[in-house]
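# Overview (structure and organization)
Below are the chains, spelled out letter by letter.
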Amino acid sequence: MDSIDCAKQKIRAAIAVSRVPEDPHHADNTLEWLLRLEPDVGEALQLAALAHDLDRAVEEVKVRRADFDDYDAFKAAHARHGAELLRPILTACGVARDMVDEACRLVEVHEVGGDPDADLLKDADSISYFDVNLPLYYEREGWAESKRRSLWGYQRLSARARNIVAKISHEEEVLARLLREVISESVR
Ligand SMILES: [Fe+2]
C-alpha cells in the first residue's frame, strides 16, 4: 500500500469511531464535493478534505463548543487541533514532509480559507454540511441552533457554492423550509 492509501485508511478509521453520527459520511462526502468542484486537485488537498474534522472524532481530547464564548474562536481551535492530530498519522504512513505540511496547513485554515485550495476546501466542507450533516444536526440540535449554524455556513460560501447549495433538496419539509429561510435571509 502506498503512503497516501495508508493515510486515507488511517484517517477513515479514526473518524469511523466519532460519536458525532454525521462525521464518517461527512468526511467522504466533503472529498466527493471537492472532486466535483475541481477534479484535478492534489493529494494534500484530498487528504485535508477527508481529515478536516479529525478533531471531532477523538472524544477524549476534542475541542468543546462549551469552552468558547465565540463560535469563530471555537472553530479556529477545532481546525488547529485537527491539524495536530493529522500530522502523526501522515508521518506514520511515510507521506512526504512537504505534503504533510501542506495537508496540515489546509486543515488548519479549512474554516476560513484564504487561498485557492483553502477556499475550495471551505466550499466543499460547507456544501457537504448542507448535503449530509443538516438532517442529523437538526435532529440533535433543533430549529434555532440548526438555523444559526446554517446561516453561518451559507455566509462563508463562494457564489458558485451558494448556487450548488440552493439546488440541494431535502425530503423533510422542515429542512427544505430552513434552507429556504437561510438563503433568503443571507446578505449577498
Ligand atoms: Fe466539516
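Attention in this report is confined to the structure presented alongside it. Values in this document were obtained by computation on a predicted structure and should not be read as measured data.

### With respect to the packing of helix 1 (residues 3-16) against helix 2 (residues 23-37)
Relative orientation of the contacting elements helix 1 and helix 2 amounts to 145 degrees, with a least axis distance of 8 Å. Between helix 1 and helix 2 lies a crossing of right-handed hand. Only Asp23, Pro24, Ala27, Asp28 and Leu31 of helix 2 make contact with helix 1, whose side of the interface consists of Arg12, Ile15 and Ala16. Considering only residue class, the contact of helix 1 with helix 2 consists of 5 nonpolar, no polar and 3 charged.

### Some points on the packing of aromatic side chains
As enumerated under the stated definition, the model contains 6 aromatic pairs in all. Their ring planes at 55 degrees and their centres at 6.0 Å tell us that phenylalanine 68 and phenylalanine 74 sit as a pair that is tilted. Overall, phenylalanine 74 belongs to the buried group, its relative accessible area being 11%. A centroid spacing of 5.7 Å and a plane angle of 50 degrees characterise the contact between tyrosine 71 and phenylalanine 74, whose relative ring orientation is tilted. Linking tyrosine 71 with phenylalanine 74, this pair stays in helix 5 (residues 71-92), spanning 3 residues, or about one helical turn. Phenylalanine 74 shares its class with tyrosine 71; the two are buried. These aromatic residues form a ring-pair network of at least three members: Phe68, Tyr71, Phe74 and Trp152. The ring centre of tyrosine 71 lies 4.0 Å from the NZ or CZ of arginine 148, which sits over that ring.

### Topic: helix 1
For helix 1, with 14 residues, the first-to-last C-alpha span of 20 Å sits near the 20 Å given by 1.5 Å per residue. For helix 1, the set of buried residues is Ile4, Cys6, Ala7, Lys8, Ile11 and Ile15. Summarising the contacts, the buried residues of helix 1 are in contact with helix 2, helix 3 (43-51), helix 4 (54-57), helix 5 and helix 6 (97-108). Looking at where helix 1 begins, the residue whose side-chain oxygen comes 3.2 Å from the main-chain nitrogen of isoleucine 4 is aspartate 2.

### Observations concerning the coordination of the iron ion
For a metal with four tetrahedral donors the ideal donor-metal-donor angle is 109.5 degrees, while six octahedral donors give ideal angles of 90 or 180 degrees. Here the iron ion is held by His26 (NE2), His52 (NE2), Asp53 (OD) and Asp125 (OD), and the distances to it run 2.2 to 2.3 Å. Considering all 4 donor atoms around the iron ion, angles at the metal cover 80 to 168 degrees and the coordination shape is irregular.

### A look at the state of the cysteines
Enumeration over the complete set of coordinates arrives at 1 disulfide. Disulfide pairing is shown between cysteine 6 and cysteine 93; the S-S distance is 2.0 Å. An S-S torsion of about -70 degrees defines the bridge between cysteine 6 and cysteine 93 as left-handed. Within this pair, whereas cysteine 6 is found in helix 1, its partner cysteine 93 is found in the loop between helix 5 and helix 6, the two being separated by 87 residues in sequence.

### Section: helix 9 (residues 173-185)
Here helix 9 spans 18 Å end to end across 13 residues, near enough to the 18 Å set by a 1.5 Å rise per residue. Three or more residues of helix 9 are buried, namely Val174, Leu175, Ala176, Leu178, Leu179, Val182 and Ile183. The elements touched by buried residues of helix 9 are helix 7 (116-155) and helix 8 (159-166).

### Examining the environment of lysine 75
Relative to the helices and strands, lysine 75 is located in helix 5. Lysine 75 gets classed as buried once you look at its relative accessible area, which sits at 6%. Those residues in contact with lysine 75 that sit more than four places away from it in its chain are Arg56, Glu111, Arg149 and Trp152.

What counts as what
Residues numbered from 1 in each chain as written. Predicted model: local features only at pLDDT ≥ 70, side-chain atom pairs only at ≥ 80, totals over all residues. Heavy atoms only, no water. Axes fitted to C-alpha atoms, helices over the stretch in contact; angles between N-to-C directions. Helix = DSSP H or I, 4+ residues; strand = E, 2+ residues; numbered from the N terminus. Left-handed = near helix turned anticlockwise from the far one by under 90°. Contact = heavy atoms within 4.5 Å. Nonpolar A, V, L, I, M, F, W, Y, C, P; charged D, E, K, R; others polar. Phe/Tyr/Trp six-rings, centres within 6.5 Å; stacked < 30°, edge-to-face > 60°. Buried < 20%, exposed > 50% of the residue type's maximum accessible area, 1.4 Å probe, protein only. Lys NZ or Arg CZ within 6 Å of the ring centre and 35° of its normal. Expected span 1.5 Å × (residues − 1). Polar contact = N/O pair within 3.5 Å; in protein donor to acceptor, adjacent residues only side chain to side chain. Donors = N, O, S within 2.8 Å, 3.2 Å for Na, K, Ca; no water. Tetrahedral: all angles 85-135°; square planar, octahedral: opposite > 155°, others 65-115°. Disulfide = S-S within 2.5 Å.

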